[in-house]
Amino acid sequence: MRTKLKRRNREAFGEHSYWQSYSDMMAALLLIFVLIIAITLAIYKQKTVDLEQSQNSLGVARQELEDARKDLEDARADLEEYRAAIEESNRELESSLAELQQAYANAALTQDELNKAYLEIENARNELTSTKQELENIVGIRTDIIGALQSAFNNSTMSVDAQTGSITFSSDVLFPYGSAALSAASQSTLRTIIPMYLDVLLQDNFRDYIAEIIIEGHTDTDGSYEMNMELSHGRAYSVAKFCLDSRNGLTEDEIEQLKGMLTVNGRSYSNPIYVKDAFGRVTDEIDMEASRRVEIKFRLKEDEMIEKISQVLNQ
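The structure displayed is predicted, hence computed values, not measured ones.

A. Region of interest: the environment of Glu302. Inspection of the secondary structure puts Glu302 in helix H10 (residues 302-314). Glu302 gets classed as partly exposed once you look at its relative accessible area, which sits at 47%. A C-alpha to C-alpha distance of 8.1 Å links Glu302 and Tyr209, two positions 93 residues apart in sequence.

The following block contains the structure:
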């Protein structure tokens, strides 16, 4: 009987040990599985980050490649221009050499004559360079004058027209409405602006090129043409008279020079200013306030400039 009990206990204990070992093994396997999944996820996340970084690096590399491609295209375009210029120079050189060789063959030039011809060619080239520079100086005189005016007015509220070099005063600022008499408040402004403008035109570099200094009055379209003609001329004349007064900033010498080139014009409402829309396009509506104005501008001695160009070419 005792032997049977011992056997049953061993069987029960053996069966319990079997299931406990099985559970431990399954728990260990589950833990290993979880660890594998965690490691896999960590590796996946790291790979994802590495991939994003690689993609970002690839994007930067692509942009750099695109920039390099554009630079290369620009360089190719510049190279083509240089190549065309070199080819043109080569053609001119070949033409000159051919003419020189033909002249040498026809005239049987001696070495001394050939050296003389080379010297004449060099002198002609130098003279051509000098002539080109002088022509550029003459043709560019308007640009130089406008540039000097813009520099003089750089810190001023008055602006210089980049195309004509003119300055414009609002008649509403200078005169009472319908009047040609300068207001007291406007005279201080004119004493500052007028000498700045005329000092540039009358300086030694530009004075000989100036044919006229023009003071021009304009009105709006209210009233008759004749009435506005008288008003616009009267306003221009008032500004001119102000300029010729030595108390207003010009020296006696500048006033004498100004008398030889000053012109006063009244334009009535023949040249109004039109309103522009939001896109900068001119409309049919007249800007009445902007049309009431006095302009000061200059005209170059174009005939004299042409004569100087002809003299240079004849030389």
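B. Main features of unusual backbone geometry. Positive phi, close to 55 degrees, is recorded for Ser268, a residue that is not glycine. With respect to the secondary-structure elements, Ser268 resides in the loop between strand E3 (262-266) and strand E4 (274-276).

C. A look at a nonpolar patch on the surface. A surface patch of nonpolar side chains, about 550 Å² in accessible area, is lined by Tyr22, Met25, Met26, Leu29, Ile32 and Ile36. Along the polypeptide, Ile36 turns up in helix H1 (residues 2-107). Judged by relative accessible area, Ile36 falls into the partly exposed class, the value being 47%.

D. Quick peek at the packing of aromatic side chains. One pass over the structure, following the stated rule, counts 2 aromatic pairs. Seen from their ring centres, Tyr225 and Tyr269 are 5.4 Å apart, and the 85 degrees between their planes marks the pair as edge-to-face. Placement of the pair is Tyr225 in helix H7 (residues 225-243) and Tyr269 in the loop between E3 and E4, with a sequence separation of 44 residues. The class for Tyr269 is partly exposed, based on a relative accessible area of 26%.

E. Local environment of the layout of surface pockets. Of the volumes computed, that of the largest pocket is approximately 390 Å³. Forming the walls of the largest pocket are Ser89, Glu92, Leu93, Ser96, Leu97, Glu99, Leu100, Tyr118, Ile121 and Arg125. Elements that contribute at least two residues to the lining of the largest pocket include exactly H1 and helix H2 (111-139). The dominant element in the lining of the largest pocket, judged by the number of residues it contributes, is H1, at 7 residues. Each residue belonging to the lining of the largest pocket can be placed in one class, and the counts come to 5 nonpolar, 2 polar and 3 charged.

F. Up close: a negative patch on the surface. Together, Glu64, Asp67, Asp71, Glu73, Asp74, Asp78 and Glu81 make up a region of like negative charge exposed at the surface. Along the chain, Glu64 falls in helix H1. A residue is classified by how much of its surface remains accessible, and Glu64, at 52% relative accessible area, is exposed.

G. Summary view of the sheet that holds strand E2 (residues 210-218). Here we have 4 strands laid out as an open sheet, ordered E1-E6-E2-E3, and mixed in their pairing. Of all the strands in the sheet, the pair left with one neighbour each is strand E1 (167-170) and E3. Here the strands of the sheet are splayed against their neighbours by 20 degrees on average, with no regard to which way each runs. In this sheet, strand E6 (residues 293-300) lies alongside E1 in antiparallel orientation, the contact comprising 4 bridges. Pairing of Thr168 across the sheet is with Glu295, part of E6.

H. Main features of helix H5 (residues 184-201). An ideal rise of 1.5 Å per residue puts 26 Å on 18 residues; H5 measures up with 27 Å between its terminal C-alpha atoms. Where H5 bends most, the angle comes to about 35 degrees, and this point is Leu190. Along H5, the residues that are buried comprise Ser186, Leu190, Ile193, Ile194, Pro195, Tyr197, Leu198, Val200 and Leu201.

I. Summary view of the pattern of salt bridges. Using the criterion set out here, one finds 13 salt bridges in the structure. The partner of Arg292 in a salt bridge is Asp172, with the nearest N and O atoms 2.9 Å apart. You can see Arg292 sitting in the loop between helix H9 (288-291) and E6 and its partner Asp172 sitting in helix H4 (residues 171-174), a full 120 residues away along the chain. Arg292 gets classed as buried once you look at its relative accessible area, which sits at 14%. Accessibility expressed as a relative area gives 35% for Asp172, which makes it partly exposed. Linked through salt bridges whose partners overlap, the residues forming this network are Asp172, Asp220 and Arg292.

Rules used in this analysis
- Residues numbered from 1 in each chain as written.
- Predicted model: local features only at pLDDT ≥ 70, side-chain atom pairs only at ≥ 80, totals over all residues.
- Heavy atoms only, no water.
- Helix = DSSP H or I, 4+ residues; strand = E, 2+ residues; numbered from the N terminus.
- Buried < 20%, exposed > 50% of the residue type's maximum accessible area, 1.4 Å probe, protein only.
- Patch = residues over 30% accessible without salt bridge, like charges linked within 9 Å, V, L, I, M, F, W, Y side chains within 5 Å.
- Areas by Shrake-Rupley, 256 points an atom, 1.4 Å probe, with all protein chains shown as cover.
- Salt bridge = Lys/Arg side-chain N within 4 Å of Asp/Glu carboxyl O.
- Phe/Tyr/Trp six-rings, centres within 6.5 Å; stacked < 30°, edge-to-face > 60°.
- 1 Å grid on protein atoms, 1.4 Å probe; cavity = no way out; pocket = protein on both sides within 12 Å on 5 of 7 lines; lining within 4 Å.
- Points joined across faces, edges and corners; volume = space filled by probe spheres on them.
- Nonpolar A, V, L, I, M, F, W, Y, C, P; charged D, E, K, R; others polar.
- Lys, Arg positive; Asp, Glu negative; His and termini not counted.
- Charge placed at Lys NZ, Arg CZ, Asp CG, Glu CD.
- Pairing = 2+ DSSP bridges.
- Axes fitted to C-alpha atoms, helices over the stretch in contact; angles between N-to-C directions.
- Expected span 1.5 Å × (residues − 1).
- Bend = angle between axes of the 7 residues up to and from the residue.

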